Amino acid sequence: MVSRSALSERFTLFPPASRSAIEREEDEYGGSLPREYVALLRMSDGLHSDGNLSILGAEGVVRRNNDYEVQTYLPDFFMIGDDGGGNAILLNLSDRRIYEVGMGVMDEESLELSAGSLDELLALGTCLAERGGG
């Protein structure tokens, strides 16, 4: 995982998420949240770039996944953020890669690969639209 000091060069950071906030979300989710997402929450409870990339904090992340029915339409994915323009940032729970998809679409055919991992996405510091993709 990228260090907090390295993240602070590209993102606005927040205090770490509390253990109880993470546990509440895991109780609502019915299992462990993705490990790399939890590792990030332990450094910063969500973050955002000067551009459009935002990673959600612990509070309400499961509700957001439920509101957009992520696990219904894309059962192997977990929404961890968005691009501020209607696209969800999703972690594939199988291959651990990061994908983007329109929040109104949520189907496998519309997924676009954004980064090989959460660490890679954070190192890039941008969403697909800012990189000329999507």
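Just above sits the structure.
Below is a summary of the structure that appears in this document. (Residues numbered from 1 in each chain as written. Predicted model: local features only at pLDDT ≥ 70, side-chain atom pairs only at ≥ 80, totals over all residues. Heavy atoms only, no water.)

## Here we look at the sheet that holds strand 2 (residues 47-49)
Reading across from one edge, 1-2-3-4-5-6-7 is the order of the seven strands in this open sheet, with antiparallel pairing throughout. In this open sheet, the two edge strands, each paired with only one partner strand, are strand 1 (11-13) and strand 7 (112-115). Note: strand 5 (residues 87-92) against strand 6 (residues 98-102), five bridges, orientation antiparallel. Bridging from a neighbouring strand, Ala88 pairs with Val101 of strand 6. (Pairing = 2+ DSSP bridges. Helix = DSSP H or I, 4+ residues; strand = E, 2+ residues; numbered from the N terminus.)

## Some remarks on the side chain of Ser49
For Ser49, the location among the structural elements is in strand 2. Within the local environment of Ser49, its side chain forms a polar contact with the backbone nitrogen of Gly51, the two atoms lying 3.1 Å apart. Those residues in contact with Ser49 that sit more than four places away from it in its chain are Arg10, Phe11 and Gly125. (Polar contact = N/O pair within 3.5 Å; in protein donor to acceptor, adjacent residues only side chain to side chain. Contact = heavy atoms within 4.5 Å.)

## Brief notes about the packing of aromatic side chains
Under the definition given, this model contains three aromatic pairs. Geometrically, the ring pair formed by Tyr29 and Phe78 is edge-to-face, given 5.1 Å between the ring centres and 75 degrees between the ring planes. Highlighted residues: Tyr29 in helix 2 (residues 19-29) and Phe78 in strand 4 (residues 77-82), separated in sequence by 49 residues. For Phe78, a relative accessible area of 0% gives the class buried. Look at Phe77 and Tyr99: their rings are 5.6 Å apart centre to centre, the planes differ by 85 degrees, and that puts the pair in the edge-to-face class. Note that Phe77 is positioned in strand 4 and Tyr99 in strand 6, a separation of 22 residues in sequence. Residue Phe77 shares its accessibility class with Tyr99, and that shared class is buried. Clustering of aromatic rings is evident, with ring pairs tying together Tyr29, Tyr37 and Phe78. (Phe/Tyr/Trp six-rings, centres within 6.5 Å; stacked < 30°, edge-to-face > 60°. Buried < 20%, exposed > 50% of the residue type's maximum accessible area, 1.4 Å probe, protein only.)

## A few points about the pairing of strand 4
Across the six residues that make up strand 4, a large majority, six, are buried. Bridge count for strand 3 (residues 54-55) against strand 4 is two bridges, and the pairing is antiparallel. Bridge pairing links Ile55 to Gly81 in strand 4. The hairpin turn running from strand 4 into strand 5, its antiparallel successor, is four residues long, and Gly84 in that turn takes a positive phi close to 75 degrees.

## Notes on the pattern of salt bridges
Considering all chains together, one arrives at five salt bridges under this definition. Between Glu36 and Arg96 there is a salt bridge, with its nearest N and O atoms 2.5 Å apart. Within this pair, whereas Glu36 is found in helix 3 (residues 35-41), its partner Arg96 is found in the loop between strand 5 and strand 6, the two being separated by 60 residues in sequence. Ionic pairing is found between Asp82 and Arg64, a salt bridge with its closest N-O pair at 2.9 Å. Here the residue Asp82 occupies a position in strand 4, and Arg64 occupies one in helix 4 (residues 61-67), the gap between them amounting to 18 residues. Since its relative accessible area comes to 12%, Asp82 is described here as buried. (Salt bridge = Lys/Arg side-chain N within 4 Å of Asp/Glu carboxyl O.)

## What about the side chain of Glu36?
By relative accessible area, Glu36 is classed as buried at 14%. Within the structure, Glu36 has its side chain in polar contact with the side chain of Arg96 (distance 2.5 Å). The residues touching Glu36, leaving out its near neighbours within four places in the chain, are Met1, Leu91, Arg96 and Leu118.

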